[in-house]
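Remarks on the overall topology
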Amino acid sequence: MQSFPATVGDEYHALLARHDAMRLRRRILAPGRVPRPRSAAASYDGAADQRLITQYLDLVTPFGDLIGHLYEEMFARWPYLRSLFPASMDFQRAHLARAFWYLIENLHRPDEVAAYFRQLGHDHRKLGVRPVHYEAFEAALCAALRRTAGPRWAEAVEQAWVRMLRFAVASMVEGADAALAEPPCWQGTVTEHQLRRPDLAVVRVRMHEPYPYRAGQYAAVESPLMPQAWRQYSLACAPRPDHEVEFHVRQTARGGVSEALVSGTRVGDLLRLGPAHGTMTLDDADFSGDLLMVAGGTGWAPVKALLEERAGRRAGAGGPGQPAGRVHLFVGARSRAELYDAGLLSRLPVRHRWLRVVRVLDEDRVPSAYGPLAEAVARGGPWTGHRAFVSGPAAMVGATVARLTAAGVPAGRIRHDPVPEVFAPADDRTAALSVTPAGGATRSTR
């Protein structure tokens, strides 16, 4: 059985857990004495710092040298921090660069940025990140800025970077403090590992305690083969009484988490999960209205979970024959060999008369600017009366959303995971920021 080895890091996390438990106890026993933290965005003039940072941005971009100097400085001054990071820093460096770009491009919207970093701080609890680590990061960043920019660097610009970083960090601390009542991560045992293709596995995990999530959400996963490297995968089933969850993992690069989960994981191994996230979930209206669901590749995983939840609600409310809206499901793959869950896709419409399934294979379609799946969905409409759920590779999601909105479907009726170009992945599908150790909010290929 592949388990997480007992290390000094485990003792560190256990100590942090006891510390958080004491803080939570004090908060419960004396709620009136605990001051409510002031919002990080309340008085921050992000637009002013954005103008100043942008004016001198050419001195430190591309960010490769800056980030290299930053980590070199931080690990030289505080060697113990190296254990909070994964063995390979390539993924970390790429995400830190995206984090910098995100901050700089969005500082004029401080409320939006603060909300994002609060969520990121909530996620970083599983890494053992504490406020003192942010202070070390700030000192290393200042040294790296001076070293990278050279003699043209100005103290006023450095202070703008410091204010930007402290703004993000304050939001992260708020998010972490708000999550004291929940575990930083959950542990489970692999109960089934099916290789559907050489590069794709369906992994089922029995959680050791109740794991809170909703169908359509995703979670960060850590393998003992890749300590401190977390990648996010969609949960492929609705919540179950036995606390078993399912992931569909496609290997996207050698030496990464996806390879560890596809090729190195066995029944009986332990995995860790971070808290679930995502807004591609069903609300009450979705159980009676008409729905359009579009899944490309392993984007089928969250759609499968949504269908499970909808089927369970209908059955519980009056049986499969109860009048309700229909679901039109489009599933795309490059070839028949890549349609890895074809058996279930054939059985589902037989079980549920309200479900129509359309398979879209690239090899059977005429190429188009938007891609075969997006074009097939657009031609299959009209969809103006439907709520749409779209999941899969970023390019496919973007193309499908563009075609649906052009066809008159309101943007507010289309749900999908965030796929802005600034977060386009290099290894495993990611939609993340990570200013601190171990890719705390990375998103992997589904």
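What you are looking at is a predicted structure, and each value in this text was computed from that prediction instead of being measured.

Here is what the cut-offs are and how they apply
- Residues numbered from 1 in each chain as written.
- Predicted model: local features only at pLDDT ≥ 70, side-chain atom pairs only at ≥ 80, totals over all residues.
- Heavy atoms only, no water.
- Helix = DSSP H or I, 4+ residues; strand = E, 2+ residues; numbered from the N terminus.
- Buried < 20%, exposed > 50% of the residue type's maximum accessible area, 1.4 Å probe, protein only.
- Contact = heavy atoms within 4.5 Å.
- Areas by Shrake-Rupley, 256 points an atom, 1.4 Å probe, with all protein chains shown as cover.
- Salt bridge = Lys/Arg side-chain N within 4 Å of Asp/Glu carboxyl O.
- Core = buried A, V, L, I, M, F, W, Y, C linked by side-chain atoms within 4.5 Å.
- Pairing = 2+ DSSP bridges.
- Axes fitted to C-alpha atoms, helices over the stretch in contact; angles between N-to-C directions.
- Expected span 1.5 Å × (residues − 1).

**Some points on the overall build of the protein chain**
- Counting its secondary structure elements, the protein chain contains 12 helices and 11 strands.
- Among the 446 residues that make up the protein chain, the fraction classed as buried is 53%.
- For the protein chain, restricting intrachain contacts to residue pairs at least 6 apart in sequence, the fraction spanning at least 24 positions comes to 76%.
- Accessible surface computed for the protein chain: about 19400 Å², of which carbon and sulfur atoms make up 55%.

**Remarks on the pattern of salt bridges**
- By the definition in use, this model includes 28 salt bridges.
- The partner of Glu 72 in a salt bridge is Arg 147, and the shortest N-O contact between them spans 3.5 Å. One end of the pair, Glu 72, is in helix α3 (residues 64-77); the other, Arg 147, is in helix α6 (residues 131-149), and 75 residues separate them in sequence.
- In this structure Glu 72 comes out as partly exposed when scored by relative accessible area, which is 47%.
- Asp 284 is the partner of Arg 313 in a salt bridge, and the nearest nitrogen-oxygen pair spans 3.9 Å. Residue Arg 313 is located in helix α9 (residues 300-318), and its partner Asp 284 is located in the loop between β6 (270-273) and β7 (291-296); the two are separated by 29 residues in the primary sequence.
- Judged by relative accessible area, Arg 313 falls into the partly exposed class, the value being 39%.

**Structural notes on the nonpolar core**
- Residues Val 60, Phe 63, Leu 70 and Trp 161 are the most contacted members of the largest nonpolar core, which totals 50 residues.
- Taken together, the elements giving at least two residues each to this core come down to α3, α4 (90-106), α5 (110-123), α6 and α7 (155-178).
- Counting residues per element, this core draws most heavily on α7, which supplies nine residues.
- The contact partners of Trp 161, leaving out residues within four places of it in the chain, are Ile 53, Leu 57, Val 60, Phe 63, Leu 66, Phe 100, Ile 104, Leu 141, Leu 145 and Trp 153.
- Ranked by size, the runner-up nonpolar core spans 29 residues in total, among them Ala 238, Phe 287, Tyr 340 and Leu 355.

**Thoughts on the sheet that holds strand β9 (residues 355-361)**
- Read across the sheet, five strands follow the order β9-β8-β7-β10-β11 without closing on themselves; strand pairing throughout is parallel. In the strand order of this sheet, the two ends are held by β9 and β11 (414-416), each with one partner. Between one strand axis and the next, the sheet turns by 15 degrees as a mean value, whatever way the strands run.
- With six bridges connecting them, β7 and strand β8 (residues 327-333) associate as parallel partners. Along β8, the bridge assignment pairs Gly 296 with Gly 332.
- The strands touched by helix α10 (residues 342-351) within the sheet are β8 and β9, with β9 carrying the most contacts at an inclination of about 150 degrees.
- Against the sheet, helix α12 (residues 394-406) engages β7, β10 (387-391) and β11, with an angle of about 160 degrees to β10.

**A word on the environment of Pro 151**
- Inspection of the secondary structure assignment puts Pro 151 in the loop between α6 and α7.
- Judged by its relative accessible area of 86%, Pro 151 falls in the exposed class.
- Taking the C-alpha atoms as reference points, Pro 151 and Leu 59, 92 residues apart in sequence, are found 9.9 Å from one another.

**Some thoughts on the pairing of strand β4 (residues 230-234)**
- Extensive coverage of β4 is indicated by the burial of five of its five residues.
- Here β4 shows a buried face lined by Trp 230, Gln 232 and Ser 234 and a second buried face lined by Arg 231 and Tyr 233.
- Across five bridges, strand β3 (residues 218-222) lies against β4 in antiparallel orientation. Among the inter-strand pairings, Ala 219 is bridged to a residue of β4, identified as Tyr 233.

**So, the sheet that holds strand β2 (residues 200-207)**
- The strand order across the open sheet built from six strands is β4-β3-β6-β1-β2-β5, with neighbouring strands paired in antiparallel fashion. The open sheet has two free edges, formed respectively by β4 and β5 (244-250), since each of these has just one partner strand. Each adjacent strand pair in this sheet contributes to an overall mean axis angle of 40 degrees, direction not counted.
- Inspection of the sheet shows β2 paired to β5 by seven bridges, in the antiparallel sense.

**As for α12**
- The first and last C-alpha atoms of α12 sit 18 Å apart over 13 residues, in line with the 18 Å expected at 1.5 Å per residue.
- On its buried face, α12 sits against β7, α11 (372-379), β10 and β11.
- Residue Gly 408 follows α12 closely and has a positive phi angle near 100 degrees.

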